[in-house]
Amino acid sequence: MQLVAVVMHGNSLVKTYSLFLICIVILLLTGCSNRNNESSASNSDEMKTNQISDATAFKVVASEELLKSSIKMSYPDGVYFTPTYLTDDSLVIGEAYDMNNQSENYLAALNIKDRSFKKIKYVEKTSEIVTIIVNYADKDYIVFEEFDQVNQKSIYFIFNLHEGDYKIIHSILNINPIHYTQVTRQGNKLYMNMFYKSDIYRTYSFDLLSGNMKVIEKENSSHPIYFNGNVYYILIDNSHQVTKIIRYNEHDELKEAVKELSRKDNFYNGLFSNDKNVIISEYKLGINYLSLGNIETERQFFSSNWIETLNYKGNYITFLGDRIDKDRVRPQYYLFDLEKMINYSYDDGIILLSNTGIFWVDFLKDEKEIEKGQIFTNDNSVMRYLTFAE
């Protein structure tokens, strides 16, 4: 039997992750699925190899049809690099360590254009196990977290790519071993959802010019996005079994509930935007339903009882879901084109999206033959990148 790690996000709306997914959840913190208490026990291998998914609206096309014109890249010599975030100007951000000094891990960036590899910051070794989590990156800034797993402490940094310096913007004590952080940017503001205490996540705004951090939602909340001149997020009221999508205007600090669900087995568990449209994820009776629209109106386009770490850029979404091959060892990645309504059949490694391209890891062996912790080596995989047509 596979163990299941449960992260409480409120007393009854629960985040659940199987343990083999923990590292993926930490790497790709762009979206997670809330579940209720009744569904948490079902997150087993048996459940995940008997998924209920409906993608009938999509045409299935081999991923190679899209990705065949991509470039190939080797991993940096003497380095184990784990890619976790892709920026619009073709930087791949991730955690790395030198093969001859594996105890010293650091934040690093790979420039796809010139293949240069840069060490950005070594972690501060406050214990034997301190890991880097990349929360957000763009052409100007990287927001990352140094998570001390022994002392259960996280320190959040912002690195200025132009100035080449960094500063601490937040710190959290007694943080849950499995937690998530969501970040979006609009102009000179970052909107961040972070662990606060116990089973509460708060939503904040951070001013990139002044360096001021303020709470914009002190109650349990998740998934902030910026869309059509306003901030939207999910407000979670566990005592009354209610979830609401809140519209927040930072200029006058007015809040308005624009959507609401009020059943224990039916709640909002995801909000994502590509700046032009919004995807709303709704959990109902064991199934996650994805709908596309503009907050006011939307149409359902996909459903499954396993959708994790969804990322939405341009016309594409990628997420983790049920294994197509029941013998597959590692999580299954999905890639959809929402404009052309194509489901790209894909069976390789991690996929990262930006507004300008797709980065992914192409296995050189059957994934079952790759040892644990050895994916990102030149013997086992190759990095690939496709630039979108202008």
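Here goes a summary of the coordinates provided. Note that the structure is predicted; figures quoted are calculated from it, not measured.

Thoughts on the environment of Tyr 232
Here Tyr 232 shows up in strand S20 (residues 230-237). The class of Tyr 232 is buried, set by a relative accessible area of 4%. For the pair Tyr 232 and Ile 246, spaced 14 residues apart in the sequence, the C-alpha separation amounts to 5.4 Å. Residues in contact with Tyr 232, not counting those within four places in the same chain, are His 223, Pro 224, Ile 225, Phe 227, Ile 245, Ile 246, Arg 247, Val 258, Leu 271 and Ile 295.

Things to note about the nonpolar core
Residues Ile 358 and Phe 359 are the most contacted members of the largest nonpolar core, which totals 38 residues. In terms of residues, this core owes the most to one element, strand S32 (residues 357-363), which gives 5 residues. Here Ile 358 is in contact with Leu 66, Leu 67, Leu 86, Tyr 316, Leu 335, Ile 351, Leu 352, Leu 353, Arg 384, Tyr 385, Leu 386 and Phe 388, once residues within four sequence places are set aside. Tyr 85, Val 123, Ile 169 and Tyr 204 belong to the second-largest nonpolar core, a separate cluster that totals 36 residues.

Comments concerning unusual backbone geometry
Even without being a glycine, Ser 198 presents a positive backbone phi close to 50°. Residue placement: Ser 198 occurs in the loop between strand S16 (189-197) and strand S17 (200-207). For Ser 198, a relative accessible area of 54% puts it in the exposed group. Of note, Gln 241 is a non-glycine position whose phi angle comes to about 55°, a positive value. Its location among the elements puts Gln 241 in the loop between S20 and strand S21 (242-249). The exposure class of Gln 241 is partly exposed, given its relative accessible area of 23%.

Thoughts on the sheet that holds strand S6 (residues 71-73)
If you walk across this open sheet you meet the 4 strands as S6-S33-S32-S31, and the pairing is antiparallel. Edge positions in the sheet fall to S6 and strand S31 (351-353), since each has one partner strand and no second. Taken over all neighbouring pairs, the strand axes of this sheet differ in orientation by 20° on average, direction set aside. Bridge count between S6 and strand S33 (residues 381-387): 3 bridges; the pairing is antiparallel. Bridge pairing in S33 links Ile 71 to Tyr 385.

Observations concerning the packing of aromatic side chains
This model, assessed by the stated rule, comprises 21 aromatic pairs. With 5.1 Å between their ring centres and 0° between their planes, Phe 319 and Tyr 334 make a pair best called stacked. Within this pair, whereas Phe 319 is found in strand S28 (residues 316-321), its partner Tyr 334 is found in strand S29 (residues 332-337), the two being separated by 15 residues in sequence. Site record: aromatic cluster; members linked through ring pairs are Phe 58, Phe 301, Phe 302, Phe 319, Tyr 334 and Phe 336. In this arrangement the basic side chain of Lys 121 is found over the ring face of Phe 157, its NZ or CZ atom lying 4.6 Å from the centre. One cation-aromatic arrangement involves Arg 202 over Tyr 196; the distance from NZ or CZ to the ring centre is 3.7 Å.

Brief notes about the sheet that holds S28
Spatially, the 5 strands line up as an open sheet ordered S5-S30-S29-S28-S27, and their pairing is mixed. For this open sheet the edge positions go to strand S5 (59-62) and strand S27 (308-313), each flanked by a neighbour on one side alone. Recorded for the sheet is a direction-independent mean angle of 25° between the axes of neighbouring strands. Pairing analysis gives 3 bridges linking S29 to strand S30 (residues 342-345), with the strands arranged antiparallel.

Describing the pairing of strand S22 (residues 254-261)
Across 7 bridges, S21 lies against S22 in antiparallel orientation. Within S22, the residue paired with Thr 243 across the bridge is Leu 261.

Things to note about the pattern of salt bridges
Enumeration according to the criterion identifies 20 salt bridges in this entry. The salt bridge partner of Glu 298 is Lys 259, with a shortest N-O separation of 3.3 Å. In this pair, Glu 298 is assigned in strand S26 (residues 298-304) and Lys 259 in strand S22, connecting sequence segments 39 residues apart. One network of salt bridges, with partners in common, ties together Asp 138, Lys 139, Asp 140 and Arg 185.

Details of the environment of Ile 155
Tracing the backbone through its elements, the reader meets Ile 155 in strand S13 (residues 153-160). By relative accessible area, Ile 155 is classed as buried at 14%. Separated by 10 residues in sequence, Ile 155 and Glu 145 have C-alpha atoms that sit 5.5 Å apart. Those residues in contact with Ile 155 that lie beyond four places of it in its chain are Phe 144, Glu 145, Glu 146, Ile 168, His 170 and Ser 171.

Criteria and cut-off values
All residue numbers refer to position in the chain's written sequence, counted from 1. This being a predicted model, a pLDDT of at least 70 is required before a residue's local features are given, and a value of 80 or more before pairs of side-chain atoms are given or counted; all residues contribute to the totals for chains, interfaces and linings. To get the side-chain values, all heavy atoms of the structure are used, and hydrogens and water are removed first. Per the convention used, a helix needs a DSSP run of H or I reaching at least four residues, while a strand needs a run of E reaching at least two, with both numbered from the N terminus. The rule is simple: take the accessible area with a 1.4 Å probe, protein chains only, and divide by the maximum for that residue type; under 20% is buried, over 50% is exposed, in between is partly exposed. Working rule for contacts: check all heavy atoms of both residues, and any pair within 4.5 Å makes them a contact. For the purposes of this section, nonpolar cores are sets of buried Ala, Val, Leu, Ile, Met, Phe, Trp, Tyr and Cys residues that join through side-chain atoms within 4.5 Å. Paired strands, in this sense, are two strands between which DSSP finds at least two bridges. An axis is simply a line fitted to the C-alpha atoms; with a helix, the fit covers only the stretch in contact. Between two such axes, the angle follows the N-to-C directions and lies from 0 to 180 degrees. Classification of ring pairs rests on two measures: the distance between centres of Phe, Tyr or Trp rings, Trp counted by its six-membered ring, which must be within 6.5 Å, and the angle between planes, read as stacked under 30 degrees, edge-to-face over 60 and tilted in between. A positively charged side chain is recorded as over a ring if its NZ (Lys) or CZ (Arg) lies within 6 Å of the ring centre. The angle to the ring normal must also be within 35 degrees. In the sections that follow, a salt bridge refers to a side-chain nitrogen of Lys or Arg positioned within 4 Å of a carboxyl oxygen of Asp or Glu.

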